[in-house]
Amino acid sequence: MSPRAAVRSARTGGAAGRTPVRLGTGAGVATVTLARPRMRNALVPELLLDLCVALETAGRRDDVRCLLLLAEGEAFSIGCDMRRLAREMQGPGLQAYAAELVGLLNQAMLTLMRLPQPVVAGVHGAVEGGALGLVLAADVVVAAEDARLSAGYSGAGFSPDGGWTALLPRLAGQRRAGAGLLLDQSITAAQARDWGVVTEVVPAAELQSAARSAARRIAQSPPATMRSAKRMLQSGLDEVEAALEEERLRFIETVTGAEAREGVARFLAAVADYPSD
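Rules used throughout
- Residues numbered from 1 in each chain as written.
- Predicted model: local features only at pLDDT ≥ 70, side-chain atom pairs only at ≥ 80, totals over all residues.
- Heavy atoms only, no water.
- Helix = DSSP H or I, 4+ residues; strand = E, 2+ residues; numbered from the N terminus.
- Buried < 20%, exposed > 50% of the residue type's maximum accessible area, 1.4 Å probe, protein only.
- Contact = heavy atoms within 4.5 Å.
- Areas by Shrake-Rupley, 256 points an atom, 1.4 Å probe, with all protein chains shown as cover.
- Lys, Arg positive; Asp, Glu negative; His and termini not counted.
- Charge placed at Lys NZ, Arg CZ, Asp CG, Glu CD.
- Salt bridge = Lys/Arg side-chain N within 4 Å of Asp/Glu carboxyl O.

Draft legend 1. Molecular detail of the overall build of the protein chain. When helices and strands are counted, the protein chain shows 13 helices and nine strands. Expressed along its principal axes, the backbone C-alpha trace of the protein chain runs to roughly 55 × 40 × 40 Å. Counting across all 277 residues of the protein chain, residues that qualify as buried make up 52%. Partitioning the intrachain contacts of the protein chain with sequence separation of at least 6 by distance along the chain shows that 78% fall at a separation of at least 24. On the protein chain, roughly 12100 Å² of surface is accessible, and the fraction owed to carbon and sulfur atoms is 51%. With 30 positive and 30 negative side-chain charges, the protein chain shows a spacing of 5 Å between the two charge centroids.

Quick look at the structure:
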């Protein structure tokens, strides 16, 4: 990974003076919030680095018994920041940027899975591209009825990241994962629940309270028992880590090609309301 100082010195992940990730604690729950709402929490290295730091900080605290992952704004996350990626494509640092972006995403996912505390994710709105990985890495997922999971890689012209090949087939099965990835089929919250990707679906207005209730329930349970259960549920992570590294290498290989340049340009031209810093 790139040194943290180097990433922070070039921060463009949020508004001036505002961190793209917030960490708060109380009653045994650490709440980590993606806080780049103007960009619909699009993923950039700065946000992912802050996320990794927040997760590691929470994981080291003995008073934290559960971690709750939430997001501000109208979407959980629209995945890779395509405007930022388009800008990086104009310069000589694209390969390094891609390596860092997916490397930090993989680090965040693996940290979520390796934390001693169980993780509850509350998701709403768009969950696109690599952002799905943050959902797949959670132990319990509460989704709003308006949540929609989608890949978008076939149109963008680069290889999938975020566990679309490393984790989704393990939960949903290869055929279902293939439909979402190869046919670019949007997955509703109800479908995601039926596929085993989401634990519970609630009305959008009830998402925060339902996700917090799940986190509090875990935090009030015997901590050693909860941690032991998580360790057993999250077995086989060495294999997952190897598969995520393969995703990272394929992403770097394809994002630097002509198909990706054409796909990103075509995507931004077609999506008139894509957010801008």
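Draft legend 2. Representation of the pattern of salt bridges in the model. Under the defined criterion, the tally for this structure stands at 15 salt bridges. Here Arg114 ties to Glu241 by a salt bridge, and the two come within 2.9 Å at their closest N and O atoms. Remark: Glu241 occurs in helix H12 (residues 237-255) and Arg114 occurs in helix H4 (residues 94-114); sequence separation between them is 127 residues. Two residues, Arg248 and Glu245, come together in a salt bridge whose shortest N-O distance is 2.8 Å. Of this pair, Arg248 and Glu245 both sit in helix H12, three residues apart, which is roughly one turn of that helix. Of the residues examined, Arg248 reaches a relative accessible area of 18% and is grouped as buried. Within this structure, Arg36, Asp81 and Asp277 form a network of salt bridges that share partners.

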